[in-house]
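Summary of the model geometry
The lines below spell out each chain.
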Amino acid sequence: MFEFLFKKKRSEKLFFHTDVHAHFLPGIDDGAKNPDSSQYLLESLMDLGVENFVATPHITHETFPNNYNTISGAFNRLKDHLKDSSLNPNIHFSAEYRLDELFEAHREAGELIPFPKNYLLIENSFIQPFMGIRDTVFQLQLDGFKPILAHPERYPYYHSDKTFYDDMHAQGCLYQVNLLSFSGLYGPEVKQVAYQLLKKGYVDFIGTDTHHRHHIEALKKFMQTSDYRKLEKSAKNILNNTLFE
Ligand SMILES: [Fe+2]
């Protein structure tokens, strides 16, 4: 009985207190639509034990051509809104950079917005790979950044690639896997690849990639499972909690 109580208690909080991937800045991408939604997402994640956040709104050439001004503007709107609440989260703003021509323009102009410690979250399109990804990662490293590939498990075209995951990681590209990939939310194949990456020791960061309340509900549900408790034990070496240290 006591063991049961202990397990229930543990699963009420996430096993990391820094979330490195979430879309809660209001009105600038496909995440929170307004400051009230932002507050709901932040409050919910804080209830689950998150204390530090890196806001990672999309920057994509085609759909969300954000830049420093739009992101810092949304951040300031959120901060203003939270003044009327009791919430006081530690938020650092950065971005989730789609590798495309806008990314190249920001990089060349020296306008990239990194995480603390100069990490930089990059992503591919889900439809097709960015062919120059290896060169781009190399260039970012030369520029002093530590690139993190967002949810590598979610790109179907890499699933059958026998060398991509090993090669990129050997090149020093870090991986951020979505917590909900382990739950099967994105399908069985994504789940399988997430566990393969975990087994290889390639899960450097875990992110919630929260966009809306459905993700919060899915997180709470997953946290009640034995799969979650096993993951908690095997993902002890992730870097999340070192980001703000
Ligand atoms: Fe994302």
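Reference entry: report on the structure contained in this document. (Residues numbered from 1 in each chain as written. Predicted model: local features only at pLDDT ≥ 70, side-chain atom pairs only at ≥ 80, totals over all residues. Heavy atoms only, no water.)

With that settled, the discussion passes to the nonpolar core. Formed by 75 residues in total, the largest nonpolar core has its most connected members in F24, L25 and L179. For this core, the element with the most residues is helix 3 (residues 68–82), which contributes 5 residues. With sequence-adjacent residues up to four places away left out, F24 is seen in contact with A32, S38, L41, L42, F53, V54, A55, L78 and I91. (Core = buried A, V, L, I, M, F, W, Y, C linked by side-chain atoms within 4.5 Å. Buried < 20%, exposed > 50% of the residue type's maximum accessible area, 1.4 Å probe, protein only. Helix = DSSP H or I, 4+ residues; strand = E, 2+ residues; numbered from the N terminus. Contact = heavy atoms within 4.5 Å.)

Read across the open sheet, the 3 strands follow the order 1-2-4; overall the sheet is parallel. Whereas interior strands pair on both sides, the edge strands pair on one side only; in this sheet they are strand 1 (18–22) and strand 4 (90–93). Within this sheet the neighbouring strands show an average axis-to-axis angle of 20°, counted without direction. (Pairing = 2+ DSSP bridges. Axes fitted to C-alpha atoms, helices over the stretch in contact; angles between N-to-C directions.)

Turning next to the side chain of N66. You can see N66 is positioned in the loop between strand 3 (58–59) and helix 3. Its relative accessible area of 5% is what places N66 among the buried residues. Looking at N66, its side chain comes within polar contact range of the main-chain oxygen of I28, at 2.9 Å. Separated by 2.9 Å, the side chains of N66 and T70 make a polar contact. The contact partners of N66, leaving out residues within four places of it in the chain, are I28, H58, I59, I71, L102 and H106. (Polar contact = N/O pair within 3.5 Å; in protein donor to acceptor, adjacent residues only side chain to side chain.)

Around the iron ion, the protein contributes the donor atoms H21 (NE2), H23 (NE2), E96 (OE) and D209 (OD), at 2.0 to 2.4 Å from the metal centre. Here the iron ion binds 4 donor atoms, and the angle range of 80 to 168° at the metal identifies the geometry as irregular. Within one chain, the residues donating to the iron ion are spaced in sequence as H-x1-H-x72-E-x112-D. Comparing H21 with H23 shows no difference in burial state: the two are buried. (Donors = N, O, S within 2.8 Å, 3.2 Å for Na, K, Ca; no water. Tetrahedral: all angles 85-135°; square planar, octahedral: opposite > 155°, others 65-115°.)

All right, on to the environment of V177 then. Relative to the helices and strands, V177 resides in strand 8 (residues 174–178). Once the C-alpha coordinates of V177 and A194 are considered, the two residues, 17 residues apart in sequence, prove to be 6.8 Å apart.

Another aspect to go through is the side chain of E153. Relative to the assigned elements, E153 resides in the loop between strand 7 (146–150) and helix 6 (156–159). No salt bridge is formed by the buried E153, whose closest oppositely charged neighbour, R154, lies at an N-O distance of 5.9 Å. If near-sequence neighbours (up to four positions away) are discounted, E153 is found in contact with H159, Y165, Q176, V177, N178, S181, V190, V193, A194 and L197. (Lys, Arg positive; Asp, Glu negative; His and termini not counted. Salt bridge = Lys/Arg side-chain N within 4 Å of Asp/Glu carboxyl O.)

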